[in-house]
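Chain and residue survey
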Amino acid sequence: MNPAVQPPLGEMSGKPGQPGPPVVQYTVAAEAPKDHVLWSLFTFVYSNPFCLGLVALIYSIKTRDRKWTGDVEGARHYSSKARCFNIWATALGAVMFVLCIIAVIIRILSQIRTYR
């Protein structure tokens, strides 16, 4: 066969019984789930309503342990739980922070009105 004229990749070379182009198979390793430890520490220290930050931190540490032992499915399960608790803790902490700011503003405005 002329090296200048190559058959398309999908076609076989001209003679039966000869192998076609080599087939390369790639195996993609499963990506390890995130453990969300920093987020859990933040919610534990700064916004810990109903101890959700503590629960998120515990699940994050369990995720890290499962990743270390090689149990990817268990780590994925605990990572999902940690993420869920972190979302709830962050949302509730933000709502409580906004409500505190509103309460302070209302208190200041009521004090200003009483002194007039």
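For the structure, check the block above.
This section reports on the structure supplied with the text.

The rules behind these values
- Residues numbered from 1 in each chain as written.
- Predicted model: local features only at pLDDT ≥ 70, side-chain atom pairs only at ≥ 80, totals over all residues.
- Heavy atoms only, no water.
- Helix = DSSP H or I, 4+ residues; strand = E, 2+ residues; numbered from the N terminus.
- Buried < 20%, exposed > 50% of the residue type's maximum accessible area, 1.4 Å probe, protein only.
- Phe/Tyr/Trp six-rings, centres within 6.5 Å; stacked < 30°, edge-to-face > 60°.
- Contact = heavy atoms within 4.5 Å.
- Polar contact = N/O pair within 3.5 Å; in protein donor to acceptor, adjacent residues only side chain to side chain.
- Expected span 1.5 Å × (residues − 1).
- Arc of directions from axis to C-beta.

1. Quick notes on unusual backbone geometry
- Its identity as a non-glycine residue notwithstanding, Phe50 has a phi of 55°, on the positive side.
- Examined against the element boundaries, Phe50 turns out to sit in the loop between helix H1 (37-45) and helix H2 (52-69).
- When its relative accessible area of 69% is taken as the criterion, Phe50 is described as exposed.
- A positive phi angle is found at Cys51, which is not glycine, with a value near 60°.

2. Structural notes on the packing of aromatic side chains
- Using the criterion set out here, one finds three aromatic pairs in the structure.
- A ring pair is formed by Tyr59 and Tyr78, whose centres lie 5.7 Å apart and whose planes are at 35°; its orientation type is tilted. Linking Tyr59 in helix H2 with Tyr78 in helix H3 (residues 72-114), this pair joins segments that are 19 residues apart in sequence.
- Take Tyr78: its relative accessible area is 16%, and that puts it in the buried class.

3. Structural notes on the environment of Ser60
- Within the secondary structure, Ser60 is located in helix H2.
- Taking C-alpha positions, Ser60 is 9.0 Å from Ala75, a pair spaced 15 residues apart along the chain.
- Discounting residues that sit within four places of it in the chain, Ser60 has contacts with Asp35, His36, Val37, Ser40 and Ala82.
- In this structure the side chain of Ser60 is engaged in a polar contact, spanning 2.9 Å, whose partner is the backbone oxygen of Asp35.

4. With respect to H2
- Over its 18 residues, H2 extends 26 Å from the first C-alpha to the last, a length consistent with the 26 Å expected when each residue adds 1.5 Å.
- Within the sequence span of H2, burial applies to Leu52, Gly53, Ala56, Leu57, Ser60 and Thr63. For H2, the angular spread of buried residues about the axis comes to 135°, placing them on one side. Facing away from the buried surface of H2 by more than 90 degrees, the exposed residues are Trp68 and Thr69.
- Two residues or fewer after H2 comes Gly70, characterised by a positive phi angle close to 95°.

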